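Architecture at a glance
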Amino acid sequence: MSASVTMEEKIAIVTVCSVLIAFLFYIASTAAISSVSLPTSALLSKTDCSAGKCIELYALSSMVKLHNAAGPYADMASLKASSPSLLSSSASVKMAKNEGESFQIIINTNKADLQNVQVSVSDFTGPGGVKIPGSDNLKFFYEKFVQITSATDSLGGTGYYADALPLLNKPFPIAKGKNQPIWVKVNVPAGAPAGDYTGTITVKTSNAGSKSILVSVHVWNFALPDKPPMTAVFGLGKASIKTAYGLDEAQAEAKLDTYITYMLSNNVVPFGSGISHLAPTKSLAGSQVTVSFTAEQLAYLKKYISQYKANTWQFPIGTWMADESFVSGLEKFGPEFNARFKQYIEKTAAAYRAAGVWNDGNYFTWIIDEPNTLAQTQEVNKWSALVASASPHPKFMVTEQITKQNSAWPTLTNIDIWNPTVKVFATTEKANSALYTGKEFWWYNGGTGADFPSPEIIDREAASARIVPWYTKKFGASGYMYWSATYWGNAANNPFTNPKAFDLLAGASGGFANGEGYFFYPSTLISQYTPMQNVDGVTGSIRWENFLDGMEDYAYLSMASSSAQTSAFNLVLNPYPFSKSPATYEQARALLAADIA
């Protein structure tokens with residue numbers, strides 16, 4: 001028996017079926033539309049980063065200090081809008097043989113994160129197919145930004161400034177929308193033929209392919225001397241090195257050798273406690289002073305003075321030696337005291353001479369720092385007379401200006417090297433610069449509060465460091481001294497997080513500059529604050545590199561004619577106090593090079 005279906009039920013079934021069929025047609029039509037639309041680029045949710053499409057590369061002068069805050073060169077937009085343009089699609093440097101010159105590469109990505117970024121260089125091909133091996137003569141450094149929370153002075157600023165330069169030694173990431181500058185240092189061998197060379201720097205990633213930028217190197221037809229015409233002496237602190245690396249006294253010597261060698265390889269001579277382990281042993285037999293060096297000490301000295309051609313060296317004598325055993329119990333500056341000290345000076349000099357490291361007598365001694373009282377002035381004269389009585393003897397240097405601070409004080413005598421501060425000479429002494437004619441003088445440190453050379457200040461233009469050797473030559477000085485390249489403090493204060501490291505260590509509050517007392521960063525902290533690995537060697541800074549470039553400019557000035565010097569000075573030092581434009585320095589260098597070659 002079959003069940004009958006009423007008319008109302010038939011109508012209901014047909015209605016449901018119609019709705020279902022309509023819904024299925026809608027789904028099918030929507031799917032068809034979607035399948036056609038998916039491949040179009042307009043609706044892609046994933047960016048195409050193949051073949052380096054997400055990588056932008058730009059070249060930038062070494063004299064543009066990147067600053068991530070409101071202000072000049074805060075971001076890529078301000079760099080691109082700069083006039084004249086500071087960014088370039090290719091890199092170009094012009095340099096002498098036996099010279100190192102730097103520039104920057106900015107890696108930018110606005111489309112995707114870049115993963116496992118690696119930077120490499122090709123060989124450079126020059127005249128007649130001659131090659132300069134890229135991997136041997138070019139180094140990359142990761143630029144670490146340091147946060148400045150308190151400006152040094154009215155000329156400084158706050159925000160993040162590029163400064164620390166750890167060696168680029170492992171792949172690293174770059175977040176979308178960010179840019180990472182890389183410091184590039186090119187060295188041209190002394191024997192390279194003059195002419196134009198080209199090569200490429202390639203940035204490779206694990207997720208976005210790779211991209212290259214062209215690098216052109218023009219080599220002028222002359223070489224810079226191995227021994228620089230300008231003397232530069234920077235303090236090196238043993239306590240800072242020992243604490244930062246966790247070393248005992250025996251281990252410290254090897255690490256200090258790393259720093260000393262690095263500094264000398266860059267034509268800067270270390271002084272201070274960092275070389276105190278090279279002082280001789282003193283003893284007394286009757287009234288005779290004996291002086292002896294170990295074989296290891298002499299080996300170090302031969303390396304530093306002969307191999308690395310140090311153009312000066314600090315003679316091991318100082319106020320602490322008034323308590324040495326060979327003068328123990330004697331009246332300071334009495335006849336016997338002076339006689340024994342004279343023996344010590346002469347026998348130390350004789351030992352240097354016998355070892356072949358007397359260096360044409362280019363040793364200096366510096367005993368009383370910044371004599372600012374009558375008593376200190378009188379003591380300087382006693383020490384300088386004592387040193388002058390010995391034959392041979394080192395040059396006696398005093399950190400003081402030639403014009404007396406107080407007319408009632410005695411005139412300083414037996415001074416071989418006058419060494420006023422940059423600030424004092426640039427202000428007080430400038431009108432009396434004729435007094436230095438025919439005399440040897442250096443100047444030292446920098447200072448705040450005025451727009452004169454201040455190489456140590458992080459929150460200043462890069463030109464503030466590079467200009468120091470230019471002023472050194474302009475004023476007729478032969479040398480520049482800075483009191484310390486490694487003053488992180490006995491507690492290994494951290495300049496990565498506290499750029500005013502010396503402020504805290506000195507017990508001051510706000511009185512010192514960002515960067516005061518150091519041009520290097522503790523290499524033990526690199527992996528903690530950057531994507532790079534710690535290194536055994538030295539970690540420099542943008543301030544250090546610009547000062548070194550300025551020293552090479554000094555060599556150009558020394559080799560050029562007086563008329564070319566005048567033209568170069570007019571370019572760089574006008575308008576007063578000095579140019580901040582990278583193009584001006586390049587123009588001046590090219591003018592000098594044309595005159596030399």
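Residues numbered from 1 in each chain as written. Predicted model: local features only at pLDDT ≥ 70, side-chain atom pairs only at ≥ 80, totals over all residues. Heavy atoms only, no water.

**Notes on the overall build of the protein chain**
The secondary structure content of the protein chain amounts to 15 helices and 25 strands. Every one of the 597 residues in the protein chain was classed for burial, and the buried ones make up 51%. Surface summary for the protein chain: the accessible area is close to 25,500 Å², and the carbon and sulfur share equals 54%. (Helix = DSSP H or I, 4+ residues; strand = E, 2+ residues; numbered from the N terminus. Buried < 20%, exposed > 50% of the residue type's maximum accessible area, 1.4 Å probe, protein only. Areas by Shrake-Rupley, 256 points an atom, 1.4 Å probe, with all protein chains shown as cover.)

**Examining the sheet that holds strand 8 (residues 138–142)**
Strand order in the open sheet formed by 4 strands is 1-4-12-8, with antiparallel pairing between adjacent strands. Looking at strand neighbours, the two that pair on one side only are strand 1 (56–61) and strand 8, the edges of this open sheet. Ignoring which end each strand starts from, the neighbouring axes of this sheet average 30° apart. The pairing of strand 8 with strand 12 (residues 179–188) spans 5 bridges and is antiparallel. Within strand 12, the residue paired with Phe141 across the bridge is Trp183. Most of the contacts of helix 13 (residues 542–559) go to strand 4 (residues 99–108), to which it runs at about 140°, and overall it touches strand 4 and strand 12. (Pairing = 2+ DSSP bridges. Axes fitted to C-alpha atoms, helices over the stretch in contact; angles between N-to-C directions. Contact = heavy atoms within 4.5 Å.)

**Notes on empty space enclosed by the protein**
A complete count under the given rule lists 5 cavities of 30 Å³ or more for this structure. Looking at the largest cavity, its volume works out to about 120 Å³. Lining the largest cavity we find 13 residues, and of these Glu400, Lys404, Gln405, Pro410 and Leu412 sit closest to its centre. Class assignment for the residues of the lining of the largest cavity results in 6 nonpolar, 5 polar and 2 charged. (1 Å grid on protein atoms, 1.4 Å probe; cavity = no way out; pocket = protein on both sides within 12 Å on 5 of 7 lines; lining within 4 Å. Points joined across faces, edges and corners; volume = space filled by probe spheres on them. Nonpolar A, V, L, I, M, F, W, Y, C, P; charged D, E, K, R; others polar.)

**Structural notes on the state of the cysteines**
Between two cysteines, a covalent bond joining their sulfur atoms is known as a disulfide. Summed over all chains, the structure comprises 1 disulfide. Linked covalently through their sulfurs, Cys49 and Cys54 form a disulfide whose S-S length is 1.9 Å. On the S-S bond that ties Cys49 to Cys54, the torsion sits near -80°, and the link is left-handed. Cys54 shares its class with Cys49; the two are buried. (Disulfide = S-S within 2.5 Å.)

**Regarding helix 9 (residues 422–429)**
Listing the buried residues of helix 9 in full gives Val422, Phe425, Ala426 and Glu429. Viewed end-on, helix 9 has its buried residues packed into an arc of 130°, placing them on one side of the element. Summarising the contacts, the buried residues of helix 9 are in contact with strand 23 (440–444) and strand 24 (479–482). (Arc of directions from axis to C-beta.)

**With respect to the environment of Gly286**
Here Gly286 lies in the loop between strand 17 (281–285) and strand 18 (288–292). For Gly286, a relative accessible area of 63% translates into the label exposed. Separated by 40 residues in sequence, Gly286 and Phe326 have C-alpha atoms that sit 9.7 Å apart.

**Remarks on the pairing of strand 23**
A regular strand carries its side chains on alternate faces of the sheet. Burial of strand 23 is extensive: 4 of the 5 residues sit out of reach of the surface. Here strand 22 (residues 417–418) runs beside strand 23; their pairing, made up of 2 bridges, is parallel. Its bridge partner lying in strand 23, Trp418 is registered against Phe441. Relative to strand 24, strand 23 runs parallel, the two being bridged by 3 bridges. Bridging across to strand 24, Trp443 finds its partner in Tyr480.

**Overview of unusual backbone geometry**
Of the consecutive residues Ser391 and Pro392, the connecting peptide bond is found in the cis state with omega at 0°. The residue Pro392 is located in the loop between helix 8 (374–389) and strand 21 (395–398) in this model. Of note in this structure, Ala51 is not a glycine but carries a positive phi near 55°. Following the sequence through the fold, Ala51 ends up in the loop between helix 1 (7–37) and strand 1. Residue classification places Ala51 among the exposed residues on the basis of a relative accessible area of 66%.

Purely geometric numbers; function is a separate question.
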